[in-house]
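Observations on the three-dimensional arrangement
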Amino acid sequence: MVKKKQNPLTIDYRKCLIENRLQQVRNTTFADHPDLVNVWTVDIDPRDSHSLINFIKDIQADEPVSFQHIKRIRKNSHSGLTAIICSHEMLQTEEDFLRLLKDAEFEYENTSGRFQVPRLGPSTKELSSEWSEKYWPLVWRGNPNDQILNDYVFDMGLIKRILQRISELTAAQHEKDPLITPAVSAFVNPLNKRVIYTVDGRHQGSPLDHSIMLGIKEVARQEQQRRDCGTEDPTQSDDPDTYLCLDFDVYTSHEPCSMCAMALIHSRIKRCIFLKSMACTGCLTPASGDGYCMHNNRNLNSSYEVFQWTGNEFIVPHIDPHTCC
Ligand SMILES: [Zn+2]
């Protein structure tokens, strides 16, 4: 995590734009509707707060929810304090919670408090005050998306090289036969930075052979081959195993359709960068298709980052907006 001022990238936090080229794509519809998390709480005597804080520090490593925007302790109506110990995502049952408390070196009561807290802080100070009243006291640290933008790491040189190659491949595809869907994708393995390019294969194979589906298949095929027979290239022999497309960066010429966007969720990629949005069939931007924003939908248990390249350096052929990519 770098401080905003020390970030080597130019970030427009208001427009969510990086290096004046990469537009963050996310579903803002629900950004200011809290995603609530159930928490386990206890009531304690104020004199025990020091001991309680040490107890929380000791279990913090197992906590999947970040409570950085939450005040862990609040005053309660009977002159004591109520403290959040952990989330229900860390301990699912009250039995587990009570077992954890057996190690506590402080007196406590009322372990069945039913509190919910927002998983992320809101984007404005006014909403932060409102949610503090409604749910649980929050700490205002600025718009959480600013920190998210600030924490992203980009290799702009690599990104440009890959998008340039994608642009060239789409042009070649289009030139070969204008009836072929000129969509191209690139999959970058985070472990060795090797890039796999795939072109749409519907004209010669299955109607499901979108460039992203073929990319996912090709990653799996190469990994299987590597495990089955080793590799003849000694520089590659020490590669660690790849699990699906875990933490891959995926680049694609046209905004993915719902099938491909969902397949990328299942493949556990880290990031998708695309060039051209697809007004009718796209499944990532709020303005495309039915605005589902597959990559950061709260109903799914996984997500990935998405950016659209907004410069006009990398031209790709037009595809009918009703065609899935
Ligand atoms: Zn597709």
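Definitions and cut-offs
- Residues numbered from 1 in each chain as written.
- Predicted model: local features only at pLDDT ≥ 70, side-chain atom pairs only at ≥ 80, totals over all residues.
- Heavy atoms only, no water.
- Donors = N, O, S within 2.8 Å, 3.2 Å for Na, K, Ca; no water.
- Tetrahedral: all angles 85-135°; square planar, octahedral: opposite > 155°, others 65-115°.
- Axes fitted to C-alpha atoms, helices over the stretch in contact; angles between N-to-C directions.
- Helix = DSSP H or I, 4+ residues; strand = E, 2+ residues; numbered from the N terminus.
- Parallel < 35°, antiparallel > 145°, perpendicular 65-115°, else oblique.
- Left-handed = near helix turned anticlockwise from the far one by under 90°.
- Contact = heavy atoms within 4.5 Å.
- Nonpolar A, V, L, I, M, F, W, Y, C, P; charged D, E, K, R; others polar.
- Domains from an automatic or database assignment.
- Expected span 1.5 Å × (residues − 1).
- Buried < 20%, exposed > 50% of the residue type's maximum accessible area, 1.4 Å probe, protein only.

**Notes on the coordination of the zinc ion**
Between any two of four tetrahedral donors, the ideal angle at the metal is 109.5 degrees; between two of six octahedral donors, it is 90 or 180 degrees. Coordination of the zinc ion by the protein comes from His210 (ND1), Cys257 (SG), Cys260 (SG) and Cys325 (O), over a distance range of 2.1 to 2.3 Å. Angles of 97 to 116 degrees at the metal separate the four donor atoms of the zinc ion, which places the site in the tetrahedral class.

**Examining the packing of helix 6 (residues 211-229) against helix 7 (residues 258-267)**
For any two helices packed against each other, one specifies the inter-axial angle together with the distance between the axes. Where helix 6 meets helix 7, the closest approach of the two axes is 9 Å, and the angle between their N-to-C directions is 25 degrees. In terms of axis orientation, helix 6 runs roughly parallel to helix 7. Along this stretch, helix 6 crosses helix 7, giving a crossing that reads as left-handed. Between helix 6 and helix 7, the contacting residues are Ile212, Met213 and Ile216 on the first element and Met259, Cys260, Ala263, Leu264 and Ser267 on the second. Broken down by class, the residue content of the contact of helix 6 with helix 7 amounts to seven nonpolar, one polar and no charged.

**A word on the domain arrangement of the protein**
In terms of domains, the protein is made up of domain 1 (36-119) and domain 2 (155-309). Each of domain 1 and domain 2 has a C-alpha centre, and the two are 42 Å apart.

**What about helix 5 (residues 156-176)?**
Counted at 1.5 Å a residue, the expected span for helix 5 with its 21 residues is 30 Å, and the 30 Å between its end C-alpha atoms agrees. Residues of helix 5 that are buried: Met156, Leu158, Ile159, Ile162, Leu163, Ile166, Ser167, Leu169, Thr170 and Gln173. Lining the buried residues of helix 5 we find strand 3 (22-24), strand 8 (184-188), strand 9 (195-199), strand 10 (249-254), strand 11 (271-276) and strand 12 (305-309).

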